[in-house]
Amino acid sequence: MPKDKLKIHFATTNRSKFLEAQSVMKEYGIRLIFLGKKGLEIQSDNLEEIAKQSAIASSTDMRISTIAEDAGLFIDPLRGFPGPYSSFVFRTLGCDGILKLLKGSHNRKARFVSAVAYCDPLHLPICFSAVSEGFVGTGTRGTSGFGFDPIFIPLENGKKTFAEMSSIEKNRYSHRARAFRKFGKWSIRSKP
Ligand code: ITT
(Lines give C-alpha, C1' and ligand atoms only; values in the text may rest on other atoms or scores of the structure.)
Protein backbone atom coordinates (compact mmCIF):
# COMPACT_ATOMS: atom_id res chain seq x y z
CA MET A 1 0.00 0.00 0.00
CA PRO A 2 1.19 3.54 -0.75
CA LYS A 3 2.91 5.98 1.61
CA ASP A 4 0.11 8.51 1.11
CA LYS A 5 -2.39 5.88 2.24
CA LEU A 6 -4.74 8.30 3.89
CA LYS A 7 -5.29 10.44 0.79
CA ILE A 8 -6.35 8.95 -2.54
CA HIS A 9 -7.75 10.73 -5.58
CA PHE A 10 -10.86 9.26 -7.19
CA ALA A 11 -10.65 9.78 -10.95
CA THR A 12 -14.33 10.18 -11.67
CA THR A 13 -16.62 12.82 -13.16
CA ASN A 14 -19.60 11.51 -11.22
CA ARG A 15 -20.05 13.32 -7.89
CA SER A 16 -22.82 11.00 -6.65
CA LYS A 17 -20.56 8.03 -7.15
CA PHE A 18 -17.79 9.87 -5.34
CA LEU A 19 -19.97 10.71 -2.32
CA GLU A 20 -21.05 7.07 -1.95
CA ALA A 21 -17.45 5.88 -2.12
CA GLN A 22 -16.16 8.62 0.17
CA SER A 23 -18.41 7.57 3.02
CA VAL A 24 -17.28 3.93 2.68
CA MET A 25 -13.61 4.91 2.58
CA LYS A 26 -14.01 6.88 5.82
CA GLU A 27 -14.69 3.53 7.54
CA TYR A 28 -11.10 2.61 6.64
CA GLY A 29 -9.48 5.95 7.52
CA ILE A 30 -8.93 6.81 3.86
CA ARG A 31 -9.57 10.34 2.64
CA LEU A 32 -10.97 10.18 -0.88
CA ILE A 33 -10.57 13.29 -3.02
CA PHE A 34 -12.83 14.13 -5.97
CA LEU A 35 -10.76 14.58 -9.13
CA GLY A 36 -13.61 15.66 -11.41
CA LYS A 37 -12.01 13.99 -14.41
CA LYS A 38 -10.90 10.51 -15.40
CA GLY A 39 -8.12 9.02 -17.48
CA LEU A 40 -8.88 8.13 -21.07
CA GLU A 41 -11.27 5.15 -20.99
CA ILE A 42 -10.51 2.20 -23.25
CA GLN A 43 -13.23 0.41 -25.23
CA SER A 44 -13.73 -3.01 -23.70
CA ASP A 45 -16.52 -5.27 -22.52
CA ASN A 46 -14.53 -6.00 -19.37
CA LEU A 47 -15.22 -3.59 -16.49
CA GLU A 48 -12.00 -4.52 -14.65
CA GLU A 49 -9.87 -3.76 -17.72
CA ILE A 50 -11.60 -0.41 -18.21
CA ALA A 51 -11.16 0.55 -14.54
CA LYS A 52 -7.51 -0.56 -14.45
CA GLN A 53 -6.53 1.33 -17.59
CA SER A 54 -8.34 4.41 -16.38
CA ALA A 55 -6.54 4.26 -13.00
CA ILE A 56 -3.17 3.79 -14.73
CA ALA A 57 -3.79 6.75 -17.05
CA SER A 58 -4.73 9.14 -14.22
CA SER A 59 -1.97 7.97 -11.94
CA THR A 60 0.70 8.25 -14.65
CA ASP A 61 -0.51 11.63 -15.94
CA MET A 62 -0.67 13.25 -12.53
CA ARG A 63 1.92 11.18 -10.63
CA ILE A 64 -0.50 10.53 -7.79
CA SER A 65 -2.26 7.51 -6.30
CA THR A 66 -5.65 7.16 -7.90
CA ILE A 67 -8.75 5.05 -7.88
CA ALA A 68 -10.98 4.61 -10.91
CA GLU A 69 -14.23 2.70 -10.96
CA ASP A 70 -16.21 1.27 -13.82
CA ALA A 71 -19.72 0.07 -13.12
CA GLY A 72 -22.66 -1.19 -15.12
CA LEU A 73 -26.12 -2.70 -14.98
CA PHE A 74 -26.37 -6.21 -16.45
CA ILE A 75 -29.94 -7.32 -17.21
CA ASP A 76 -30.51 -11.08 -17.65
CA PRO A 77 -33.42 -11.05 -20.14
CA LEU A 78 -31.41 -8.57 -22.26
CA ARG A 79 -28.41 -10.93 -22.15
CA GLY A 80 -26.37 -8.60 -19.97
CA PHE A 81 -27.21 -5.39 -21.81
CA PRO A 82 -26.35 -2.55 -21.15
CA GLY A 83 -23.38 -3.84 -19.08
CA PRO A 84 -20.20 -1.96 -19.99
CA TYR A 85 -22.23 0.40 -22.19
CA SER A 86 -24.38 1.59 -19.27
CA SER A 87 -23.16 5.16 -19.39
CA PHE A 88 -24.05 5.59 -23.07
CA VAL A 89 -27.35 3.73 -22.70
CA PHE A 90 -28.34 5.83 -19.70
CA ARG A 91 -27.67 9.00 -21.70
CA THR A 92 -29.57 7.75 -24.77
CA LEU A 93 -32.38 5.45 -23.58
CA GLY A 94 -32.47 6.29 -19.87
CA CYS A 95 -34.55 4.42 -17.30
CA ASP A 96 -37.70 4.68 -19.42
CA GLY A 97 -35.96 3.12 -22.42
CA ILE A 98 -34.90 0.13 -20.34
CA LEU A 99 -38.44 -0.25 -18.99
CA LYS A 100 -39.75 -0.27 -22.56
CA LEU A 101 -37.28 -2.98 -23.57
CA LEU A 102 -38.49 -5.08 -20.63
CA LYS A 103 -42.20 -4.52 -21.24
CA GLY A 104 -44.07 -7.79 -20.81
CA SER A 105 -41.00 -9.63 -19.52
CA HIS A 106 -41.57 -11.66 -16.35
CA ASN A 107 -37.88 -12.25 -15.92
CA ARG A 108 -36.47 -8.93 -14.65
CA LYS A 109 -33.37 -10.29 -12.96
CA ALA A 110 -30.41 -7.93 -13.08
CA ARG A 111 -27.23 -7.05 -11.28
CA PHE A 112 -25.04 -4.02 -10.82
CA VAL A 113 -21.33 -4.75 -11.04
CA SER A 114 -18.55 -2.46 -9.87
CA ALA A 115 -14.83 -2.73 -10.58
CA VAL A 116 -12.63 -0.50 -8.43
CA ALA A 117 -9.00 -0.16 -9.55
CA TYR A 118 -6.24 1.38 -7.50
CA CYS A 119 -2.95 2.48 -9.00
CA ASP A 120 0.08 4.44 -7.83
CA PRO A 121 2.85 5.69 -10.12
CA LEU A 122 5.27 2.93 -9.02
CA HIS A 123 3.09 -0.20 -9.14
CA LEU A 124 0.76 -2.14 -11.37
CA PRO A 125 -2.94 -1.57 -10.67
CA ILE A 126 -4.97 -3.81 -8.41
CA CYS A 127 -8.69 -4.30 -8.93
CA PHE A 128 -11.62 -5.34 -6.71
CA SER A 129 -15.03 -6.25 -8.09
CA ALA A 130 -18.39 -6.72 -6.43
CA VAL A 131 -22.00 -7.30 -7.33
CA SER A 132 -25.43 -6.26 -6.16
CA GLU A 133 -28.06 -8.77 -7.27
CA GLY A 134 -31.58 -7.58 -7.84
CA PHE A 135 -34.25 -6.93 -10.40
CA VAL A 136 -35.65 -4.15 -12.54
CA GLY A 137 -38.97 -2.76 -11.31
CA THR A 138 -41.96 -2.07 -13.53
CA GLY A 139 -41.70 1.72 -13.20
CA THR A 140 -39.38 4.41 -11.88
CA ARG A 141 -39.48 5.11 -8.13
CA GLY A 142 -37.54 7.50 -5.91
CA THR A 143 -35.42 10.59 -6.42
CA SER A 144 -32.14 9.81 -4.64
CA GLY A 145 -28.94 8.59 -6.23
CA PHE A 146 -28.27 8.67 -9.94
CA GLY A 147 -28.38 6.71 -13.17
CA PHE A 148 -30.50 3.57 -13.08
CA ASP A 149 -31.20 3.84 -9.32
CA PRO A 150 -34.96 4.53 -9.84
CA ILE A 151 -35.50 1.15 -11.55
CA PHE A 152 -33.17 -1.16 -9.60
CA ILE A 153 -34.37 -3.10 -6.56
CA PRO A 154 -31.66 -5.02 -4.68
CA LEU A 155 -32.68 -8.56 -3.68
CA GLU A 156 -31.68 -8.20 -0.03
CA ASN A 157 -34.21 -5.45 0.38
CA GLY A 158 -36.66 -6.65 -2.23
CA LYS A 159 -38.97 -3.64 -2.02
CA LYS A 160 -37.29 -0.27 -2.38
CA THR A 161 -35.37 0.92 -5.41
CA PHE A 162 -31.90 2.36 -4.79
CA ALA A 163 -33.44 5.77 -5.53
CA GLU A 164 -35.83 5.32 -2.59
CA MET A 165 -32.94 4.76 -0.19
CA SER A 166 -30.63 7.15 1.61
CA SER A 167 -27.01 6.82 0.53
CA ILE A 168 -26.27 5.06 3.83
CA GLU A 169 -28.93 2.45 3.04
CA LYS A 170 -27.80 2.09 -0.57
CA ASN A 171 -24.26 1.52 0.73
CA ARG A 172 -25.53 -1.53 2.64
CA TYR A 173 -26.37 -3.34 -0.59
CA SER A 174 -24.56 -1.63 -3.42
CA HIS A 175 -21.98 -3.07 -5.78
CA ARG A 176 -19.88 0.09 -5.31
CA ALA A 177 -19.84 0.00 -1.49
CA ARG A 178 -18.91 -3.70 -1.59
CA ALA A 179 -16.06 -3.20 -4.05
CA PHE A 180 -14.72 -0.21 -2.09
CA ARG A 181 -14.90 -2.22 1.15
CA LYS A 182 -12.79 -4.92 -0.49
CA PHE A 183 -10.29 -2.23 -1.39
CA GLY A 184 -10.45 -0.81 2.16
CA LYS A 185 -9.73 -4.23 3.68
CA TRP A 186 -6.83 -4.76 1.28
CA SER A 187 -5.39 -1.36 2.21
CA ILE A 188 -5.40 -2.30 5.90
CA ARG A 189 -3.78 -5.70 5.22
CA SER A 190 -1.05 -4.15 3.07
CA LYS A 191 -0.16 -1.49 5.64
CA PRO A 192 3.58 -0.78 5.29
P1 ITT B 1 -17.10 8.06 -14.34
O2 ITT B 1 -16.81 7.11 -15.47
O3 ITT B 1 -16.65 9.48 -14.57
O4 ITT B 1 -16.60 7.52 -13.02
P5 ITT B 1 -19.87 7.39 -14.94
O6 ITT B 1 -21.17 7.93 -14.43
O7 ITT B 1 -19.66 7.40 -16.43
O8 ITT B 1 -18.70 8.16 -14.18
P9 ITT B 1 -19.60 4.47 -14.95
O10 ITT B 1 -19.03 4.49 -16.31
O11 ITT B 1 -18.92 3.65 -13.92
O12 ITT B 1 -19.71 5.96 -14.35
O13 ITT B 1 -21.11 4.01 -14.91
C14 ITT B 1 -21.83 3.79 -16.08
C15 ITT B 1 -23.28 4.08 -15.86
O16 ITT B 1 -23.88 3.00 -15.14
C17 ITT B 1 -23.59 5.32 -15.06
O18 ITT B 1 -23.59 6.49 -15.86
C19 ITT B 1 -24.97 5.01 -14.52
O20 ITT B 1 -25.95 5.31 -15.49
C21 ITT B 1 -24.91 3.50 -14.33
N22 ITT B 1 -24.57 3.19 -12.94
C23 ITT B 1 -23.38 2.79 -12.42
N24 ITT B 1 -23.45 2.66 -11.09
C25 ITT B 1 -24.71 3.00 -10.75
C26 ITT B 1 -25.41 3.09 -9.53
O27 ITT B 1 -24.84 2.84 -8.38
N28 ITT B 1 -26.68 3.47 -9.57
C29 ITT B 1 -27.29 3.75 -10.73
N30 ITT B 1 -26.72 3.70 -11.93
C31 ITT B 1 -25.43 3.34 -11.93
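Worth saying up front: this structure is predicted, and the values here are computed from it rather than measured.

A. Main features of the overall build of the chain. Helix and strand content of the chain: six helices and six strands. Its C-alpha radius of gyration of 16 Å places the chain within 12% of the 16 Å reference for a compact globule of 192 residues. Dimensions of the chain, computed from C-alpha atoms along their principal axes, come out at roughly 55 × 30 × 25 Å. When the 192 residues of the chain are sorted by exposure, 48% land in the buried category. Accessible surface, the chain as shown: approximately 9800 Å² in total, 54% of it carbon and sulfur. Charged side chains in the chain number 30 positive and 18 negative. The centres of these two groups are separated by 3 Å.

B. Representation of the pairing of strand 1 (residues 7-10). As judged from the four bridges shared by strand 1 and strand 2 (residues 31-34), these two strands associate in the parallel manner. By the bridge assignment, Lys-7 is partnered in strand 2 with Arg-31. Taken together, strand 1, helix 1 (residues 15-26) and strand 2 constitute a β-α-β crossover, and its handedness is right-handed. Of the pairings in the sheet, the one linking strand 1 to strand 3 (residues 66-75) comprises two bridges and is parallel in character. Bridge pairing links His-9 to Thr-66 in strand 3.

Conventions adopted
- Residues numbered from 1 in each chain as written.
- Predicted model: local features only at pLDDT ≥ 70, side-chain atom pairs only at ≥ 80, totals over all residues.
- Heavy atoms only, no water.
- Helix = DSSP H or I, 4+ residues; strand = E, 2+ residues; numbered from the N terminus.
- Rg over C-alpha atoms; globule rule 2.2 N^0.38 Å.
- Buried < 20%, exposed > 50% of the residue type's maximum accessible area, 1.4 Å probe, protein only.
- Areas by Shrake-Rupley, 256 points an atom, 1.4 Å probe, with all protein chains shown as cover.
- Lys, Arg positive; Asp, Glu negative; His and termini not counted.
- Charge placed at Lys NZ, Arg CZ, Asp CG, Glu CD.
- Pairing = 2+ DSSP bridges.
- Right-handed = clockwise from strand over helix to strand, strands pointing away.

In short, geometric facts, not functional conclusions.
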